[in-house]
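Survey of secondary and tertiary structure
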Amino acid sequence: GAVVSQHPSWVICKSGTSVKIECRSLDFQATTMFWYRQFPKQSLMLMATSNEGSKATYEQGVEKDKFLINHASLTLSTLTVTSAHPEDSSFYICSARAYRDPVYSNQPQHFGDGTRLSIL
Amino acid sequence: ILNVEQSPQSLHVQEGDSTNFTCSFPSSNFYALHWYRWETAKSPEALFVMTLNGDEKKKGRISATLNTKEGYSYLYIKGSQPEDSATYLCASVSGNTGKLIFGQGTTLQVKP
C-alpha cells in the first residue's frame, strides 16, 4: 500500500519552456503533499507543502511564481516549473501523507520515484 | 547542531559485515526522526519513524536507536547483504512544523 507515482521520470527541454511534473497517490488519499529538490551531492530540500484544496506554502527562497503547485484533488498534485532555465536543472521528488495536521509528521511520508529535469 | 548531518558519507563493506551509520540532528524542540532507504532508480522507502528518547526499532537485520537529548540516531545493519546497497537518509522534524529536514545520506555498497 501507500504507492505514489511521479511522472515524468526524466525531462530534457530548451530554456524558456514550462515543465509540468505530476505526483499521484494510487491507493490512498493524499491530503498533504510535499515537493523537494535535490542538487548534486546535497540533501533533499523541501520546496513547498501543499494541502488539498489550499494554496501551497513555499519555503524561504523558493519563488512561488516560478514553481507553481496545484493540489486540486486528494490524489494529484502538480509542480510546474515556468520558463525554466539551466539553473533550474535538478532532481525533483514529491512525497505524500494522508493527514493534514503536522502532528502526523510522526508518520512516514510516501515518495514518488522523482523527476530528473535538464534544461538546455 | 543546526542541520541534520550524516556520517560517513559513503561506506564499502563485504557481504556478511555488520555496519552502522550516524545521524545528528538539532535536539531542541525535537518531534520525530525518520529513516529511509533509497535504492537507485526507486523511491525512498520508509524504514523507521522514532519519537521517544531511548527508542529502539528493528526491521529484520536493520535496527535503529534514538537519543533525543544529545541529538543523534544510529542505524545498524547486521550481516550486510548486497541487496542492502542503497543510500540511507535520515530526516528530523522539529516542533509542530511537520517539515522533514534531511541529511545528505550515507551510501552503502555491499560487495559479494
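Residues numbered from 1 in each chain as written. Chains lettered and ligands numbered in written order. Predicted model: local features only at pLDDT ≥ 70, side-chain atom pairs only at ≥ 80, totals over all residues. Heavy atoms only, no water.

**Section: the overall build of chain B**
- Helix and strand content of chain B: zero helices and 11 strands.
- Secondary structure elements in chain B, listed N-terminal to C-terminal, are β-β-β-β-β-β-β-β-β-β-β.
- Its C-alpha atoms give chain B principal-axis dimensions of about 45 × 30 × 20 Å.
- Here chain B holds 112 residues, and 50% of them are scored as buried.
- For chain B, long-range pairs separated by at least 24 residues make up 53% of all intrachain contacts whose partners lie at least 6 apart in sequence.
- Surface summary for chain B: the accessible area is close to 5500 Å², and the carbon and sulfur share equals 45%.
- Between the mean site of the 10 positive side-chain charges and the mean site of the 10 negative ones, chain B shows a separation of 4 Å. (Helix = DSSP H or I, 4+ residues; strand = E, 2+ residues; numbered from the N terminus. Buried < 20%, exposed > 50% of the residue type's maximum accessible area, 1.4 Å probe, protein only. Contact = heavy atoms within 4.5 Å. Areas by Shrake-Rupley, 256 points an atom, 1.4 Å probe, with all protein chains shown as cover. Lys, Arg positive; Asp, Glu negative; His and termini not counted. Charge placed at Lys NZ, Arg CZ, Asp CG, Glu CD.)

**A closer look at unusual backbone geometry**
- The amide bond that connects His-7 of chain A to the next residue, Pro-8 of chain A, takes the cis arrangement and shows omega of -5°.
- In the Ramachandran plot, Asn-29 of chain B falls in the positive-phi region, its phi being about 60° despite a non-glycine side chain.
- Within the fold, Asn-29 of chain B resides in the loop between strand S3 (19-24) and strand S4 (30-38).

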